[in-house]
Amino acid sequence: MQISARGDYAVRAALSLAQAYPALMSAQAIAQEQEMPRKFLEAVLADLRRAGVVRAQRGAEGGYTLSHPPRDVAVGQIIRAVDGPLAGVRGLRPEETQYTGAAENLPSLWVAVRAAVREVLDEVSLAELLSGKMPAHVRKLTTRPDAWQPR
């Protein structure tokens, strides 16, 4: 799985908003805190607003805040809001793929990949990520001997 710059920025912005919740934060404040380009961040925040993850308030005292408490916002929601489905195969959902011959069982693998990604991204909330107290099954993945090694 490749995390896009858009997805990375979205999660980082959401973490800033989670830390400030329920207070509002300006795009400029988030951009400075997370060291990211404000214009790009504003486009990401617009995607998050359209998806209902954040809400915006206009005016001098305006800014952005999460639409729900950080404990109720999963990282997977954020990634989907800016990048679409968590796993795709040539623009199709894994269950929509069909192959013949030697590759006929490949859709099962693609569905398993999506399920594994969901098992992490949909089960870690912003509050858990902020505190570092992620679910045990996610923490366990990071303790595998090769987890931090490139392949």
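For the structure given in this document, a descriptive report is provided here. In this text, all values refer to a predicted model and were calculated from it rather than measured experimentally.

For the protein chain, the count of helices and strands is seven helices and two strands. Its helices and strands in sequence order give the protein chain the pattern α-α-α-β-β-α-α-α-α, from N to C terminus. For the protein chain, the spread of C-alpha atoms along the principal axes amounts to about 60 × 35 × 25 Å. The buried share among the 151 residues of the protein chain stands at 35%. Excluding contacts between residues fewer than 6 apart, the proportion of contacts in the protein chain whose partners are at least 24 apart in sequence is 57%. Measuring between centres, the 19 positive side-chain charges of the protein chain sit 2 Å from its 16 negative side-chain charges.

Once that is clear, we can look at the nonpolar core. Generally speaking, soluble globular proteins have nonpolar side chains that are buried together. Core analysis: the biggest nonpolar cluster contains 33 residues, and Leu17, Leu45, Leu48, Ile78 and Leu126 have the highest contact counts within it. Those elements that place two or more of their residues in this core are helix 1 (5-20), helix 2 (27-34), helix 3 (38-50), strand 2 (63-66), helix 4 (75-83) and helix 5 (106-121). When residues in this core are grouped by element, the largest group, eight residues, is from helix 1. Non-local contacts of leucine 126, meaning those with residues more than four positions away in its chain, are made with Ala14, Leu15, Ala18, Leu66, Pro70, Val73 and Ile78.

A few words on helix 2. Among all positions in helix 2, only Ala27, Ile30, Ala31 and Gln34 are buried. What you see down the axis of helix 2 is that its buried residues fit within an arc of 100°, all on one side. A positive phi of about 55° marks glutamate 35, the residue just after helix 2.

Once that is clear, we can look at the pairing of strand 2. Along any regular strand the residues' side chains alternate between the sheet's two faces. Residues Gly63 and Thr65 of strand 2 are buried on one face, and the alternating residues Tyr64 and Leu66, pointing to the opposite face, are buried as well. Alignment of strand 1 (residues 54-57) against strand 2, held across four bridges, turns out to be antiparallel. Counterpart to arginine 55 in the pairing with strand 2 is threonine 65. What sits between strand 1 and strand 2 in their antiparallel hairpin is a turn of five residues, with glycine 59 showing a positive phi close to 110°.

What follows concerns the pattern of salt bridges. If you walk through the whole model with that rule in mind, you get eight salt bridges. With its nearest N and O atoms 3.1 Å apart, the salt bridge here joins aspartate 8 to arginine 12. Linking aspartate 8 with arginine 12, this pair stays in helix 1, spanning four residues, or about one helical turn. Residue class for aspartate 8 comes out partly exposed when judged on its relative accessible area of 34%. For arginine 12, a relative accessible area of 22% puts it in the partly exposed group. Here lysine 39 and glutamate 42 are joined by a salt bridge, their closest N and O atoms 3.9 Å apart. Of this pair, lysine 39 and glutamate 42 are both found in helix 3, three residues apart, which corresponds to roughly one turn of the helix. Exposure remark for glutamate 42: the relative accessible area of 25% places this residue in the partly exposed category. Shared partners join several salt bridges into a network, and the residues in it are Arg6, Asp47 and Arg50.

As a further point, take helix 4. Those residues of helix 4 that sit buried are Val75, Gly76, Ile78, Ile79, Ala81 and Val82. A positive phi of about 85° marks glycine 84, the residue just after helix 4.

Each value, and the rule that gives it
Residues numbered from 1 in each chain as written. Predicted model: local features only at pLDDT ≥ 70, side-chain atom pairs only at ≥ 80, totals over all residues. Heavy atoms only, no water. Helix = DSSP H or I, 4+ residues; strand = E, 2+ residues; numbered from the N terminus. Buried < 20%, exposed > 50% of the residue type's maximum accessible area, 1.4 Å probe, protein only. Contact = heavy atoms within 4.5 Å. Lys, Arg positive; Asp, Glu negative; His and termini not counted. Charge placed at Lys NZ, Arg CZ, Asp CG, Glu CD. Core = buried A, V, L, I, M, F, W, Y, C linked by side-chain atoms within 4.5 Å. Arc of directions from axis to C-beta. Pairing = 2+ DSSP bridges. Salt bridge = Lys/Arg side-chain N within 4 Å of Asp/Glu carboxyl O.

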